[in-house]
Amino acid sequence: MKLLNKAHFSEYGVNPDVVATAPGRFHLIGENTWFFKDKTLSMAVALPVYVGISRREDSSAHFYFAQLNDRKKSSVTSLKYKKEDRWANALKAVIYGFSSGGYELGGMDITVYSEILPSAGFGITTAIKVAAAKAIWELFSLNCDDVKLIQVIERANKIFLQQVNHNADNFSALFAKKGNFIVTNYSKNSWDLIPFDFSDKHIFLVDAKVPRYELWNRENLYEPQNALVLGDLRETKPNVYGGWQYINNVTDINEELSVVGEDTKRKLLCVMREHQDVLDAINACQKNDFMHFARAVNHSHESLRDYFNLSCPEIDWILKRVNELEPKLEFIRNPVTCGRLTGKGFGRCLYAFIREQDIEPFKQKLAEYERIFGFKPDCYEVHSSDGAKVLKD
């Protein structure tokens, strides 16, 4: 916060009137299944974004990103999306989200401070939006509860940015609690906290630095008829988290999926597998059972790799090394480590849960990865975090 205040004063000559912060995040399982009203398991992490705002006397909005030393300008009353404004579009979108909802705003000077840049992923862009929304809400004393704040961000995403609004992103940044995963239930538009206690494990996020690219056309999958097909494969299960799961009768599954092409069939099977992996991971957390949690995570990555075609040799190489940190063969079905690709679509990032004694060998493997593939990865040890909040002096 002190560094944010210093940057804001250096840029604008005044201290911020309000400072808010929001955490980074990553999705453990299920981030590609939102269209089918399934579930996403996520974790907010202590990679904080800070947003400081002070009032202006006019209706202008000035934006400054400290780490980028980049500045943008706009008007609160005539906001326009500009491709070249990149990170500042997230701030303009939030202002639009308020003003389009009937909230009256004045001019403002805004500073963003984040050690992790938006290009790395890890939910930094969402954190900028959520921290800005919290700060604007506080600065102008708006009558805006959590439900309305979610609506502000939804308008920002859907209308101003014209992109899909992923509730799992927003819920993770707003409502997370330390020591908990957060599960988003898209069928009910709700969220829940899932406590976990894997105290003997360390969590690492890795940006593998491989080029980002699309490996499949998601629009061919995200079509209403495919959602209807999967809907017919659901069955009510009162004793299961969320109250339902996909059927597991292979004959019935093949019959229902016979109406789609082979490529679509594989991806729909992946959606079904992902939902079960979310349920298995939640059940394992509730029992403090890392072995079954790790199985769910590793199984999910196999599904993304083999059914969704969403991995690549570089990331698969790192994750194979993660699973080889325990060389004893009897541990194959009783894993003490796990890892998975993370990010909607192909995000070039992965996460890993490993033991303390595996940290140095893991970092040595990342150095070996750089020598083999020529990409220098960024590696961050992360811890669970609370959601967004306004900071007080």
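The structure we're discussing is the one just above.
Residues numbered from 1 in each chain as written. Predicted model: local features only at pLDDT ≥ 70, side-chain atom pairs only at ≥ 80, totals over all residues. Heavy atoms only, no water.

*Asks:* I keep staring at the packing of helix H9 (residues 290-306) against helix H10 (residues 313-323) and nothing clicks. Help me out?
*Replies:* For any two helices packed against each other, one specifies the crossing angle of their axes together with the interaxial distance. Running from amino to carboxyl end, H9 crosses H10 at an angle of 155 degrees, the nearest separation of the two axes being 12 Å. Taken as axis vectors, H9 and H10 run roughly antiparallel relative to one another. For H9 against H10, the interelement crossing comes out left-handed. Where H9 abuts H10, its residues Asn-298, His-301 and Arg-305 lie against Ile-315, Asp-316, Leu-319 and Asn-323. Partitioned by chemical class, the residues of the contact of H9 with H10 number two nonpolar, three polar and two charged. (Axes fitted to C-alpha atoms, helices over the stretch in contact; angles between N-to-C directions. Helix = DSSP H or I, 4+ residues; strand = E, 2+ residues; numbered from the N terminus. Parallel < 35°, antiparallel > 145°, perpendicular 65-115°, else oblique. Left-handed = near helix turned anticlockwise from the far one by under 90°. Contact = heavy atoms within 4.5 Å. Nonpolar A, V, L, I, M, F, W, Y, C, P; charged D, E, K, R; others polar.)

*Asks:* How should the environment of Pro-118 be read in this particular structure?
*Replies:* Turning to its location among the elements, Pro-118 is positioned in the loop between strand S5 (108-114) and helix H3 (124-139). Here the alpha-carbon distance between Pro-118 and Cys-349, two residues 231 residues apart in the chain, equals 13 Å. With residues near it in sequence (within four places) discarded, Pro-118 still touches Phe-65, Ile-124, Thr-125 and Ile-128.

*Asks:* What exactly am I supposed to notice about the packing of aromatic side chains here?
*Replies:* The description of an aromatic ring pair rests on the distance of the ring centres and on the angle between the ring planes. Per the stated rule, a full pass over the model turns up 27 aromatic pairs. Between Phe-181 and Phe-196 the ring centres are 4.0 Å apart and the planes differ by 5 degrees, which places this aromatic pair in the stacked class. In this pair, Phe-181 is assigned in strand S6 (residues 180-185) and Phe-196 in the loop between strand S7 (190-195) and strand S8 (201-207), connecting sequence segments 15 residues apart. Each ring, one from Phe-198 and one from Phe-293, has its centre 5.0 Å from the other, and the planes form 40 degrees; the classification is tilted. Of this pair, Phe-198 sits in the loop between S7 and S8 while Phe-293 sits in helix H9, placing them 95 residues apart in sequence. For the pair formed by Phe-198 and Phe-293, the shared burial category is buried. A cation over an aromatic ring shows up here: Lys-134 above the ring of Trp-137, its NZ or CZ 5.4 Å from the ring centre. Directly above the ring of Trp-244 sits Arg-234, whose terminal nitrogen or CZ lies 3.7 Å from the centroid. (Phe/Tyr/Trp six-rings, centres within 6.5 Å; stacked < 30°, edge-to-face > 60°. Buried < 20%, exposed > 50% of the residue type's maximum accessible area, 1.4 Å probe, protein only. Lys NZ or Arg CZ within 6 Å of the ring centre and 35° of its normal.)

*Asks:* What should I look at first to understand the pairing of strand S12 (residues 349-355) in this one?
*Replies:* Moving residue by residue along a regular strand, the side chains alternate between the two faces of the sheet. With seven of its seven residues buried, S12 lies for the most part within the structure. Burial along S12 is two-sided: Cys-349, Tyr-351, Phe-353 and Arg-355 and Leu-350, Ala-352 and Ile-354, pointing in opposite directions, are all buried. Two elements, S8 and S12, share seven bridges in a ladder whose sense is antiparallel. Following the sheet pairing, Asp-207 is matched in S12 by Cys-349. Here strand S11 (residues 338-342) runs beside S12; their pairing, made up of five bridges, is antiparallel. (Pairing = 2+ DSSP bridges.)

*Asks:* For this particular structure, what's the right way to read the side chain of Ser-311?
*Replies:* Assignment of secondary structure puts Ser-311 in the loop between H9 and H10. Of the polar contacts made by the side chain of Ser-311, one reaches the side chain of Asp-316; its length is 2.6 Å. (Polar contact = N/O pair within 3.5 Å; in protein donor to acceptor, adjacent residues only side chain to side chain.)

*Asks:* In this structure, what is going on with the environment of Arg-25? I would like to understand it.
*Replies:* Relative to the helices and strands, Arg-25 resides in strand S1 (residues 18-29). Residue classification places Arg-25 among the buried residues on the basis of a relative accessible area of 9%. Each C-alpha atom of the pair Arg-25 and Phe-122 lies 5.2 Å from the other, and the pair is 97 residues apart in sequence. Side-chain polar atoms of Arg-25 contact the side chain of Asp-169, separated by 3.1 Å.

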